[in-house]
Every structure is written in C-alpha cells, then in structure tokens.
Amino acid sequence: MTQTIAPRVRTVVLLLLAAACALLAGAAPASAHAAVTGSDPAQGAVVDKAPARISLTFSEQVAMSGDSLRVLDPEGKRVDAGEPSAVSGTTYAVRLHSGLPDGTYTVAYQVVSADSHPVAGAYTFSIGAPSKTSVTVSDQATDDGVVGWLYGFGRYVSYAGFIVMAGGAAFVLACWPRGSGVRPVQRFVVSGWLTLTAATLALLLLRGSFTGSGKVADIFDLSLLGQVLQTKTGAALVSRLLLLAAAALFIAVLFGAYDKREDPQEKRDLTFGLAIGGVVVAAGLAASWAMSEHASVGLQAGIAMPVDVLHLLAVAAWLGGLGALLVALYRTPADAPVDASAVSRFSRVAFGSVLALIATGTYQSWRQLGSWSAFTDTRYGQLLLTKIALVTVLVGVAWISRRWTGRLAETVPASAEREKARVGARPDASGDAEAQVTGDDRTDTDTEADTDAEAGEQPDSRPADTDSGEQPDSRPADTERAAQLARQRAARDAALQKRLRDADPNRFGLRRSVLAEAGVAVVLLAVTTVLTQTEPGRTEQDAKAATSSSASTSPDTGASGALTLNMPFDTGGENGKGIVTVDLDPARVGGNEMHVYVERPDGEAFDIPEVKVDFTLKAKDIGPLPVVPDHIATGHWSANGVQIPMAGDWKVDVTVRTSDIDEVTVSKNAQIG
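Computed from a predicted structure; not experimentally measured. (Residues numbered from 1 in each chain as written. Predicted model: local features only at pLDDT ≥ 70, side-chain atom pairs only at ≥ 80, totals over all residues. Heavy atoms only, no water.)

Chemist: Quick one: what's the story with the overall build of the protein, residue by residue and with numbers?
Modeler: The helix and strand inventory of the protein stands at 16 helices and 18 strands. Per-residue burial over the protein gives 47% buried out of 673 residues. Look at the contacts in the protein between residues 6 or more apart in sequence, and 70% of them connect residues 24 or more apart. Of the roughly 32200 Å² that the protein leaves accessible, carbon and sulfur atoms contribute 57%. (Helix = DSSP H or I, 4+ residues; strand = E, 2+ residues; numbered from the N terminus. Buried < 20%, exposed > 50% of the residue type's maximum accessible area, 1.4 Å probe, protein only. Contact = heavy atoms within 4.5 Å. Areas by Shrake-Rupley, 256 points an atom, 1.4 Å probe, with all protein chains shown as cover.)

Printed below as a string of structure tokens:
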C-alpha cells in the first residue's frame, strides 16, 4: 500500500508546485509600492512657456539614479540636464535645457521605492500647444521580464526555504525530539537551509538588473553588485547570509550533539539553549524581510516591523512544522514512527500559530488597506481575500487532522498491547503466519536463507584440508551467516511493523489530511509571495485619487494636497540668476507648512540676503498676506503656521534679493484649498 502511496504523494506535490508557479506567472511583478501623487507640470498640462525643471512627488521616499528621471522631446531626444535630486520630502526634480520649443514632451521615471520594489512610468505635458510625438509612453517596469520572473521566483523559494528550515527545526525541538535522529527529517530541515542560502545568493545577483536595466547580461555585473550592497535591500540580504551561517551551526548541534545526549538533565539544558538560540536566529532571519519590505515604510513602521517578524515566525511554525510532520508520517522508518504525543504537541503549536496569524494579519490588513472598499476595489485587497479564503480552508483541514490525532492517541495503547502479544507469541519472528503477513516483501534470498536454516544445513560444508592435516576453522563463516540471518530477520520485522503501522486507519486518515494541508499551504505561500509584490491597497487608492484630482486642479497643485511652485528669477546683478521653489503643505484653508528653496541654474543650492513671500486672493480682495520664512540651511528657508483664510485662485509673489541693490519679484497663481 505504501509503495502506491509514495508516487501519489510525489504527483500531488508536483501538481501543487505547478499551480504555485502558475500563480506566480500570473502575478504582475511591476506592481508599484510607491505611487506618483503629484507632478509639475502635471500630466497632460499645457504650459505657456518652458519650465526650468520638472518635479515628481511620490507617496513615499524613493531611490534615484542618474537616469531615474528622463525628459524627451517630440523626436525622442533627451532635454534634461544633470542628475535628478531631492527637492523636499518625497519630491524629486531634474533640470531642463533652456529655450525648449513648443510641443509635447514625455517624462519617464524609473525609481526604487522605500520597500525595495522598482517603480516605473511615464506621462506627457506640452509647451505652447500639443504636438505629435514619436515617443511611446509606457509604464512597464524593467522587472517585467525574464529577470523579473526570476526575482519573483527567488522570493518564493526563499520564503519556502525559511519556512521549511525554521518550522522543521521547531517541530523537532518542540514536538518530536526523537526526530533529531531520523534521517528523512534531517534531510528536510537541511534542504530548507540549502534552499534559502541558494535563493539569497541568487537574489543578490539578480537585484542590480532587477532594479536597473532588466537585462539578463547584467546579472553578473560586479559593479551593479557593489551598488546593491550599498542599498537597504542589499544589506538585508547580506545580513540574511550571515544569520544563515549561525543557523548552520544550530542545525549541526540539533542533529549532532543533541541527538547523542542520553542524560535527561543534559538534554533538557541543551534543549533550552537551542530553543533560545533558535528563536533569536529565526527572528533575525524574519527581520531581514521586515526591515526591507512593506513593514519598513508607511504607517506605524516601528510597530509594523516586529508584527511582521511575529507573523512570519508563526507561518514558519505552522506550515514548516506541517511539512516536517508530513515527512515523518510518510518517510520515517517503520521501527521509529512518529508517535501520537508528538502529533498532539504539534497540534497545540499549530493552534497557537493560527491565533498569532489572525492577530498580526488583522493589523497588517488594516495598515495596508485603510478602508473596507479597498478589499474589492484594489488588487491587493482581492489577493488578500484569496489568502483569507485559503487560510480558512487550511484551518478546516487542520481541524480534521486534529480529530484524526485524537483517535490515533486513543488507539495507540491498545495497538501497542496487541503488538506486544504478537511478538511474545512469535519470538523468532520466522513462522508461517509472519510469512503470510510479509508476503512479497520477502526476497528470494530470504526464502533460500529460511529454507537452509530449516533444513539444518551448515553454513560451510566444504571438506577439511587433507594436505595440511588440520581441521578448517568455520567460525568466520558461522559469524557471517549469523549476521546475514540477523539482517534478514530485522528486515522482515521492519516490514511487518510497517505493514501493521500502515494498516492503522487512524494513521492513514491523518496522513491524508496532513497531505491536503500541505497542498493548500503550497498555494497559500504562492499567493502570499504575490501579495508582497503588489501595491498596498492604501497606496493604490491614493494614486487613483491623485489621478482623478489632477484632472480638475491647477497644474501647480499636487493631488496629495501639497503645492510646489518653481519660478526662475534674474535680479540682473552678479550671480542674480536662479530658481526659487515654494512648497506649501497641505495647501488648504488653515495652517500650512511652507518651505522655500533657492538654487543656481546648475541646481546648486545657494544663500541670498533675503526671501519674502506674499499671498493675494484678488477675487475676494484679500492680501497681500506677507510671510517672512526663517533660514534653515544653505538655500533653504521655512515657515510654520502659514494661514490661508479662504479657498481660491491665489497669487503667490516671491521677492528675491541677491545683493543690497539687486532684487526681483516673481509670481505664479495656484489653486489653494
């Protein structure tokens, strides 16, 4: 029976892995975790004269490179000058060449969000009037290709490796200490370590191309690898490799010294030490994900990261332990089966893990969605609903497994007594009844050995060496024959015990339910991996609001509510040319925070003697309302509590004085409120 079950198990596992790969293939790796919430000029805007620079505002901080912001003219030639730079907060800008002709221009951006995911997109604006353009606008990120799929699969494999390694080791230490000496369980845990290590190395190599060109040839570019090591994600991957070295030591002790300890007190002490060390290493490995992905940015990051660590540990304890239990039920030797008490202990561990998952998952859902509508209106919410459904199914199957566990625990004492009676009745374990039970498991060699033994033949019937006059020494042959017979009897006993074990309907039912749990867990892990690559519902809804708002607001007003005005100036004196930028946040009625930045034409910040700002609402005959900001740093002034009494089309005048006599006032209108 077990010979037919094993191929079925392999077939089911392969089918489930194929389903997981299909889910990953259907995912969109280019899903952005940072969204553009404002731009100057805005998408589709038509401005009277060429701006000195373009700026983009994101929902979170992003990492920029020299080519992160590109501006292309109608013929596809670049018109941006210099490298992009941070203007303030989450706003980034790049200067443009002067004297740009009228026409439609394309702004293309490619950045890396704070939670390590690449973000790409493009939009157009026009100077004077729209025109034809040869540039194709595309929001396809560089990770949407072979490298992107490889990176996504590497993430899935790394999660799986961590769960197998950490959960399998926890199962042995907390539920089945005797399993530390069982070879299939050892291979299961070690395979998790090897998988996670290989996946981490692969992610390090893929990272540079994944966030850059997306070319397969760049995977082994050492210069890109050096750049990756300087990023937050690179540091997290290196930390993971260092922690894996500590995990290797833990595994060596667990399957070495721990298994060989026979003194109960020494084993208890070593168990305590391994438990503390294992939790520390596993938490550190989980933190390597939490510190570089969703939990590290956004709302309540200080709370979200430890919650994410706890969530991942609970997943490992449940699903990794489930995998170890499956191996123990199907692959352990017949003379050392997993006992009912170990299954019962794992059932309690799994129940505690489910409670932890519910608590941490509820918090994560609230943090990433922000509203009930995001469950159905965003891709993140839809995937989350799928994950919740799979968890519900998994809990239901686990409940069935728990029932089988209870039945198994009740029948174990009776089964043990029956087995003891059978062994006592047949001490030689070589009778006709046993032959009938073992059946085909006995080989031709076994049959010949039994026949020889029953016939009373001696191991070696060769005549004595008459030439030497000495009798032959038959003791080596007797010893070899006895060892052979002992091995045969042991093999028959093991086969008998295996058949008796497999004939237990309760154990067979537990096997099937645990196998079903493992199948659902494989698909659940695939959905979770896709979920970590998908833009959070809260961010997606903010981006949608930004898109709809930008169509009805002034080009100078960001959809997030922040106002950014870029105004070139020339006082006529020496070093009198530059760009003054006014940021007003949230650009609404009431108190606002204002920042003023002054830069030279080449983008270098510099100080001037005086900067003043006036707000005037001509339609209501309000103003000018003067604001004198305080000097904060080179080229940076700030003012808090700037009061805007009424919504409307405000004129913002900025007076710039570059010397005692050189002064100019530049103006721009913007919708505030």
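Chemist: Tell me what's going on with the side chain of threonine 200, and back it up with residues and numbers.
Modeler: Looking at the element boundaries, threonine 200 is found in helix H3 (residues 183–210). In this structure threonine 200 comes out as buried when scored by relative accessible area, which is 0%. Apart from the residues lying within four places of it in its own chain, the contact partners of threonine 200 are Leu237, Arg240, Leu241 and Leu244.

Chemist: Give a detailed account of empty space enclosed by the protein, specifying residues and quantitative values.
Modeler: One pass over the full model with this rule turns up four cavities of 30 Å³ or more. Taken as a whole, the largest cavity spans an internal volume of roughly 110 Å³. Around the largest cavity, the lining comprises 14 residues; the ones closest to its centre are Tyr151, Arg155, Thr233, Arg240 and Glu293. If you list the elements that add at least two residues to the lining of the largest cavity, you get helix H2 (146–174), H3 and helix H5 (232–254). At four residues, H5 tops the list of elements feeding residues into the lining of the largest cavity. Residue classes in the lining of the largest cavity are distributed as five nonpolar, five polar and four charged. (1 Å grid on protein atoms, 1.4 Å probe; cavity = no way out; pocket = protein on both sides within 12 Å on 5 of 7 lines; lining within 4 Å. Points joined across faces, edges and corners; volume = space filled by probe spheres on them. Nonpolar A, V, L, I, M, F, W, Y, C, P; charged D, E, K, R; others polar.)

Chemist: Which residues make up the packing of H2 against H5, and what are the values?
Modeler: Direction vectors running N to C along H2 and H5 enclose 30 degrees, while the axes themselves pass 12 Å from each other. Comparing their axes, H5 and H2 come out roughly parallel. Judged by the twist between their axes, the crossing of H2 over H5 is left-handed. Two secondary-structure elements touch here, H2 through Tyr151, Ser158, Met165, Ala169, Val172 and Leu173 and H5 through Thr233, Arg240, Leu244, Ala247, Phe250, Ile251 and Leu254. In the contact of H2 with H5, the residues fall into ten nonpolar, two polar and one charged. (Axes fitted to C-alpha atoms, helices over the stretch in contact; angles between N-to-C directions. Parallel < 35°, antiparallel > 145°, perpendicular 65-115°, else oblique. Left-handed = near helix turned anticlockwise from the far one by under 90°.)

Chemist: Explain the pattern of salt bridges residue by residue, including any values.
Modeler: Enumeration according to the criterion identifies six salt bridges in this entry. The residue arginine 78 makes a salt bridge to aspartate 80 at a minimum N-O spacing of 2.7 Å. The exposure class of arginine 78 is partly exposed, given its relative accessible area of 38%. Taking the relative accessible area as the measure of exposure, aspartate 80 reaches 10% and is therefore buried. Here arginine 261 and glutamate 266 are joined by a salt bridge, their closest N and O atoms 3.6 Å apart. Using a relative accessible area of 34% as the deciding quantity, one classes arginine 261 as partly exposed. Beyond isolated ion pairs, a larger network of salt bridges with shared partners links Glu610, Arg657 and Asp660. (Salt bridge = Lys/Arg side-chain N within 4 Å of Asp/Glu carboxyl O.)

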